[in-house]
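Results of the structural survey
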Amino acid sequence: MRLAILGGPGAGKGTQAQLLCDRLGIPWISTGEIFRQGIKNNTELGRKAAPYVEKGELVPDPIAIEFIRDRLLQSDAAKGWLLDGYPRTAFQAEELDFLLDDLGQQLDRAIWIDVDKKELKRRSMARARSDDNPDAIARRLEAFYQRTIPILDYYEPRNKLLKVDGDRPIEEVHRDVISGLDCDAS
Ligand code: AMP
């Protein structure tokens, strides 16, 4: 399976992504997590991403796109993957399709974890991630509403979208994702 999981900051993308990857046996590719690790370990990618991640702004498309291209070429990604937090803009969604065309692959579904703004804000405030501070949280929410929501208009007409109500307990959201993907729901 080749999947992308999308949603606002605090929607629970990471949690759902890990559950799904364990269940389906596919690699979890989280751009945010990889950027944060890169910053912590002072890698070249981390240094490029740091000024944006720390402020809660989107890393420029060329950096994110180049990273995904390299990552999807690695051997563990040959049979499937779950992208968490990528694509983040309609441009990235289009670029992902170009890249997959080149690789002779296709995205199966884009999973949208739907959570309303008030709840996203509450959850973001309640966690303690290295890039969570009130200014960064506000900017991430703004980036989400301005740049990420338009991705819905990209995937909807292509029949790729699986929308799930994310304002429920983790296990229930997971069950909905599994049944929406039409894979083993036991
Ligand atoms: P996340 O862990 O998905 O909330 O991402 C944390 C941060 O990483 C975001 O606030 C952005 O700065 C950056 N980021 C993650 N994914 C992307 C992406 N696809 N495009 C641009 N920036 C990203």
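This one's a predicted model, so the numbers in the text were calculated from it and none came from an experiment. (Residues numbered from 1 in each chain as written. Predicted model: local features only at pLDDT ≥ 70, side-chain atom pairs only at ≥ 80, totals over all residues. Heavy atoms only, no water.)

Comments concerning the sheet that holds strand β5 (residues 161-165)
Taken in spatial order, the five strands make up an open sheet running β2-β3-β1-β4-β5, and their pairing is parallel. Only two strands of the sheet have a single partner each, and these edge strands are β2 (28-30) and β5. For this sheet the average axis-to-axis angle between neighbouring strands, irrespective of direction, equals 20 degrees. Two elements, strand β4 (residues 109-114) and β5, share five bridges in a ladder whose sense is parallel. The residue bridging W112 from the neighbouring strand is K163, located in β5. In the packing of helix α4 (residues 61-72) onto the sheet, the strands contacted are β2 and β3 (81-84), and the crossing angle to β2 comes to about 165 degrees. (Pairing = 2+ DSSP bridges. Helix = DSSP H or I, 4+ residues; strand = E, 2+ residues; numbered from the N terminus. Axes fitted to C-alpha atoms, helices over the stretch in contact; angles between N-to-C directions. Contact = heavy atoms within 4.5 Å.)

Quick word on helix α5 (residues 90-103)
Relative to the 20 Å expected for 14 residues at 1.5 Å per residue, α5 spans 20 Å between its end C-alpha atoms, a close match to the ideal helical length. By the burial criterion, the buried members of α5 are Q92, A93, L96, L99 and L100. Along the long axis of α5, the arc covered by the buried residues comes to 125 degrees, so they all point the same way. Among the exposed residues of α5, those pointing more than 90 degrees away from its buried face are D101 and D102. The secondary structure elements touched by the buried residues of α5 are α4, β3 and α8 (151-155). Just downstream of α5, G104 is the residue with a positive phi angle, here 70 degrees. (Expected span 1.5 Å × (residues − 1). Buried < 20%, exposed > 50% of the residue type's maximum accessible area, 1.4 Å probe, protein only. Arc of directions from axis to C-beta.)

Some details on unusual backbone geometry
The omega torsion of the bond from Y86 to P87 falls at 0 degrees, within 30 degrees of zero and hence cis. Among the structural elements, P87 can be located in the loop between β3 and α5. Of note in this structure, N42 is not a glycine but carries a positive phi near 55 degrees.

Observations regarding the packing of aromatic side chains
Under the criterion given, the structure shown has four aromatic pairs. Ring centres 5.9 Å apart and planes at 25 degrees place the aromatic pair W112 and F144 in the stacked group. Of this pair, W112 sits in strand β4 while F144 is found in helix α7 (residues 134-148), placing the two residues 32 residues apart along the sequence. A single burial state applies to W112 and to F144, both of which are buried. (Phe/Tyr/Trp six-rings, centres within 6.5 Å; stacked < 30°, edge-to-face > 60°.)

Side note on the environment of I63
In this structure, I63 sits in helix α4. Non-local contacts of I63, meaning those with residues more than four positions away in its chain, are made with L45 and K48.

Things to note about helix α6 (residues 117-126)
All buried positions along α6 are accounted for by E119, L120 and S124. What you see down the axis of α6 is that its buried residues fit within an arc of 135 degrees, all on one side. Relative to its buried face, α6 has exposed residues pointing more than 90 degrees away, namely K118 and A126. The secondary structure elements touched by the buried residues of α6 are α7. N-cap assignment for α6: the residue whose side-chain oxygen lies 3.2 Å from the backbone N of K118 is D116. (Polar contact = N/O pair within 3.5 Å; in protein donor to acceptor, adjacent residues only side chain to side chain.)

Observations regarding the packing of helix α2 (residues 31-40) against helix α3 (residues 44-55)
Following both chains from N to C, one finds α2 and α3 inclined at 110 degrees, their axes separated by 8 Å at the closest point. One element, α2, and the other, α3, form an angle in the roughly perpendicular class. You can see that α2 and α3 cross each other, and the crossing is left-handed. Here I34, F35, R36, G38 and I39 of α2 lie close against α3, whose contacting residues are L45, G46, A49, A50, V53 and E54. Residues belonging to the contact of α2 with α3 are distributed by class as follows: seven nonpolar, two polar and two charged. (Parallel < 35°, antiparallel > 145°, perpendicular 65-115°, else oblique. Left-handed = near helix turned anticlockwise from the far one by under 90°. Nonpolar A, V, L, I, M, F, W, Y, C, P; charged D, E, K, R; others polar.)

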